[in-house]
Amino acid sequence: MRFDVFTLFPEVFEPYLDLSILARARQKGLLEVRLHNIRDWATDRHKTVDDEPYGGGGGMVMKPEPIFAAVEDVLGRPPQVPVILLTPQGRPFTQAVAWELAQHPHLALIAGRYEGVDERVRQHLVTDEISIGDFVLTGGELPALVVIDAVARLLPGVLGDPDAPRKDSFSHGLLEHPHYTRPAEYRGWRVPDVLLSGHHAEIARWRRRMALRRTWERRPDLLAHADLSDEERALLAQWEAEARAATAADPDAPRPEDPSPHQEPDA
Ligand code: SAM
């Protein structure tokens, strides 16, 4: 998969893309990231890429000409690939959006700076707008890296375990279960016995219950779209009833927490 990234700070990207899984994906030819400095398409002596906003007010706005010129020079006019603007005003980036983007062989990303880009870029060049969350960063470089990272790890062959992305949080509608590694006991805290049992069916059952419980506690909004069995729905109803009873008995009671890892979550 190829990304063309248009930015004023291409140097931000290389250190991250040169590490670990993404570096290997690039070496294997699974991921290609081409970085383009928008300033290279500025035509005046000072290589100006920003200007004051019409109507006044503080801050600067990225001029349209260098952005149009850069994208059209590299990708054609009009570009034949989706052109994504990173902006806090875009649609929220989720795992589902990452899967959607991973179906494209080629994407363009535009990272803004200052107060953002001239509105005509959004209206006449961009085909999609993505936000990585309800907060405002100084530039679109980190959001672009977030998108590249999340999408790249979904590409076939990028992760050692091809099933890993399907087991991750969000991919099956639930947060993932807790993980443990050696030692089996650390500072007196033991790994749940079931994980040491070697009993694969029991381990799978424990993990599914922990994922369900964790999602119910932390992100109940996800449960509306999760694929749950009748037994799991009954379990959720039971936890809800228990929580209501606990609140009725003590309105100041803290929110439910993960059960002790040594217990079944419904115990
Ligand atoms: N004035 C803009 C607004 O209020 O919507 C924010 C501009 S922000 C300071 C500069 C650039 O950072 C944006 O053009 C965008 O590319 C990037 N950016 C900042 N926060 C972002 C977010 N949450 N998601 C995606 N991009 C973001």
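Computed from a predicted model, the values in this text were never measured in an experiment.

1. Comments concerning the overall build of the chain
- Looking only at helices and strands, the chain has ten helices and nine strands in total.
- Rg of the C-alpha trace for the chain: 24 Å, well past the compact-globule value of 18 Å for 267 residues, more than 25% over.
- Residues classed as buried in the chain amount to 25% of the 267 residues present.
- Taking the intrachain contacts of the chain between residues at least 6 apart in sequence as the baseline, contacts between residues at least 24 apart amount to 74%.

2. Quick notes on the site of the ligand
- Surrounding the ligand, one finds 20 residues, the nearest of these being Leu86, Gly112, Gly116, Gly140 and Pro143.
- Within the shell around the ligand, the residues separate by chemical class into nine nonpolar, nine polar and two charged.

3. Digging into the packing of helix H4 (residues 95–102) against helix H6 (residues 141–152)
- H6 packs onto H4 with a crossing angle of 75° between their chain directions and a minimal axis gap of 9 Å. Here H4 is positioned roughly perpendicular relative to H6, judged by the angle of their axes. On H6, the residues touching Ala98, Leu101 and Ala102 of H4 are Val147, Ala150 and Val151.
- Broken down by class, the residue content of the contact of H4 with H6 amounts to six nonpolar, no polar and no charged.

4. Remarks on the domain arrangement of the chain
- According to the domain assignment, the chain consists of domain 1 (2–152) and domain 2 (169–267).
- With centres defined by C-alpha atoms, the gap from domain 1 to domain 2 works out at 39 Å.

Conventions used here
Residues numbered from 1 in each chain as written. Predicted model: local features only at pLDDT ≥ 70, side-chain atom pairs only at ≥ 80, totals over all residues. Helix = DSSP H or I, 4+ residues; strand = E, 2+ residues; numbered from the N terminus. Rg over C-alpha atoms; globule rule 2.2 N^0.38 Å. Buried ≥ 20, exposed ≤ 12 C-beta atoms within 10 Å, placed from the backbone. Contact = placed C-beta atoms within 7 Å. Near = placed C-beta within 6 Å. Nonpolar A, V, L, I, M, F, W, Y, C, P; charged D, E, K, R; others polar. Axes fitted to C-alpha atoms, helices over the stretch in contact; angles between N-to-C directions. Parallel < 35°, antiparallel > 145°, perpendicular 65-115°, else oblique. Domains from an automatic or database assignment.

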